[in-house]
Amino acid sequence: MNGTKGSIGSAYLSQIVTPTAATIQSKVDTLFLYNKHLNYKVYMIPALFAILLMLMTGFLPALNIVGEKEKGTIEQINVTPVSKWSFILAKLIPYWLIALFLITICLLLSWLIYGITCQGHLLLVYLLAMLLALFFSSLGLIISNYSDTMQQAIFVMWFFVVCMLLLSGLFTPTRSMPDLAYLTTYVNPMHYFIDAIRTVFIRGGNFQSIAHQVLALLCISSLMGIWAVKSYKKNN
């Protein structure tokens, strides 16, 4: 009797088909919440805002003061009674206005050409753009203060820009980086900006969803702004 039961059990087990990985994957449905058609433009366009801000508000200030050094006009500014804070603000404010203009043009082009609009509040986009513009304009002035020639300022600025760009998560996810490289994202303002702009632009996030990134950008940009003022040597 036991032999009969054993033979029946073995025959039953032999008829059971073990599901393969392909069979399981064919029965799994993936639901994309924010980019249902997997359009890469929706993912890349908000991140490209960072590149434009970096080029316009980073490289131009880097060539500002060092250009006046080469022309010799910086000595005329140094003997004026203008304070360092007023001088640096006068150098930074035009680039902040350029940043606002750039973001406005980018939003219009993304809507007119690709039909892609911001899902969140536009004021959050402008807030993030201003914080990133503050960082890069301050970084450009810092490099300009320590450089003697325009060629030196361009090379130094390009070194920092490439490192921050490649380690920001714009092209590849930061979670795929090695642990040592991932640690650099904690001090990379480009990473905070791209993460926050995608949250607002694609997922329609509110201020609470990007509060961490805004705070990080504010702290880093403020420190760079103070450094830009302190590094400018004015002859009293």
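In the block above lies the structure referred to throughout.
Residues numbered from 1 in each chain as written. Predicted model: local features only at pLDDT ≥ 70, side-chain atom pairs only at ≥ 80, totals over all residues. Heavy atoms only, no water.

Novice: Any details on the overall build of the protein? Residues and values, ideally.
Specialist: Helix and strand counts for the protein stand at 11 helices and zero strands. Mapped from its N terminus to its C terminus, the protein presents α and β elements in the order α-α-α-α-α-α-α-α-α-α-α. The 236 residues of the protein split such that 42% are buried. Pairs at least 24 residues apart make up 77% of the contacts formed inside the protein by residues separated by at least 6 positions. Entry remark: accessible area of the protein is about 14,000 Å², with carbon and sulfur atoms responsible for 68%. (Helix = DSSP H or I, 4+ residues; strand = E, 2+ residues; numbered from the N terminus. Buried < 20%, exposed > 50% of the residue type's maximum accessible area, 1.4 Å probe, protein only. Contact = heavy atoms within 4.5 Å. Areas by Shrake-Rupley, 256 points an atom, 1.4 Å probe, with all protein chains shown as cover.)

Novice: I'd like a rundown of a nonpolar patch on the surface, residues and numbers included.
Specialist: A surface patch of nonpolar side chains, about 850 Å² in accessible area, is lined by F101, I105, L108, L109, W111, L112, I113 and Y114. Tracing the chain through its elements places F101 in helix α6 (residues 84–112). Judged by relative accessible area, F101 falls into the exposed class, the value being 55%. (Patch = residues over 30% accessible without salt bridge, like charges linked within 9 Å, V, L, I, M, F, W, Y side chains within 5 Å. Salt bridge = Lys/Arg side-chain N within 4 Å of Asp/Glu carboxyl O.)

Novice: Give me the nonpolar core: which residues, what numbers.
Specialist: Counting residues in hydrophobic clusters, the biggest one holds 62 residues, and the most contacted among them are F49, L128, F136, L139, M157, M190 and F193. Counting only elements with at least two residues in this core, the list comes to α3 (40–62), α4 (64–71), α6, α7 (122–146), α8 (150–166), α10 (189–201) and α11 (211–231). Here this core takes 14 residues from α7, the largest share from any one element. Non-local contacts of L139, meaning those with residues more than four positions away in its chain, are made with M157, F160, M164 and M224. (Core = buried A, V, L, I, M, F, W, Y, C linked by side-chain atoms within 4.5 Å.)

Novice: If you had to explain the packing of α6 against α11 to someone new, which residues and values would you point to?
Specialist: Axes are the key here: two packed helices are described by the angle between their axes and the distance separating the axes. Running from amino to carboxyl end, α6 crosses α11 at an angle of 120°, the nearest separation of the two axes being 9 Å. One way to sum up the angle between α6 and α11 is to call them oblique. Handedness of the α6/α11 crossing: right-handed. Contacts between α6 and α11 involve K84, W85 and I88 from the former and A228, V229 and K230 from the latter. A breakdown of the residues in the contact of α6 with α11 according to their chemical character gives four nonpolar, no polar and two charged. (Axes fitted to C-alpha atoms, helices over the stretch in contact; angles between N-to-C directions. Parallel < 35°, antiparallel > 145°, perpendicular 65-115°, else oblique. Left-handed = near helix turned anticlockwise from the far one by under 90°. Nonpolar A, V, L, I, M, F, W, Y, C, P; charged D, E, K, R; others polar.)

Novice: Any chance you could break down the packing of aromatic side chains for me, citing the residues and the numbers?
Specialist: By the definition in use, this model includes five aromatic pairs. Between F49 and F201, the ring centres sit 6.0 Å apart and the planes meet at 85°, which makes this aromatic pair edge-to-face. You can see F49 sitting in helix α3 and its partner F201 sitting in helix α10, a full 152 residues away along the chain. The residues F49 and F201 share a single accessibility class, namely buried. With 5.8 Å between their ring centres and 85° between their planes, Y182 and Y186 make a pair best called edge-to-face. (Phe/Tyr/Trp six-rings, centres within 6.5 Å; stacked < 30°, edge-to-face > 60°.)

Novice: Describe in detail the side chain of S168, supporting the description with residues and values.
Specialist: Looking at the secondary structure, you find S168 in the loop between α8 and α9 (179–182). A residue is classified by how much of its surface remains accessible, and S168, at 2% relative accessible area, is buried. When residues no more than four places from it in sequence are discounted, the contact partners of S168 are T174, M177, N188, M190, H191 and I194.

Novice: Provide a residue-level description of the packing of α3 against α8, including the pertinent values.
Specialist: α8 packs onto α3 with a crossing angle of 155° between their chain directions and a minimal axis gap of 10 Å. Considered as vectors, α3 and α8 are oriented roughly antiparallel to each other. Handedness of the crossing formed by α3 with α8: right-handed. In this structure, α3 uses I51, M54, G58, F59 and A62 to contact α8, whose residues at the interface are A153, I154, M157, W158, V161 and L165. Among the residues forming the contact of α3 with α8, the class breakdown is 10 nonpolar, one polar and no charged.

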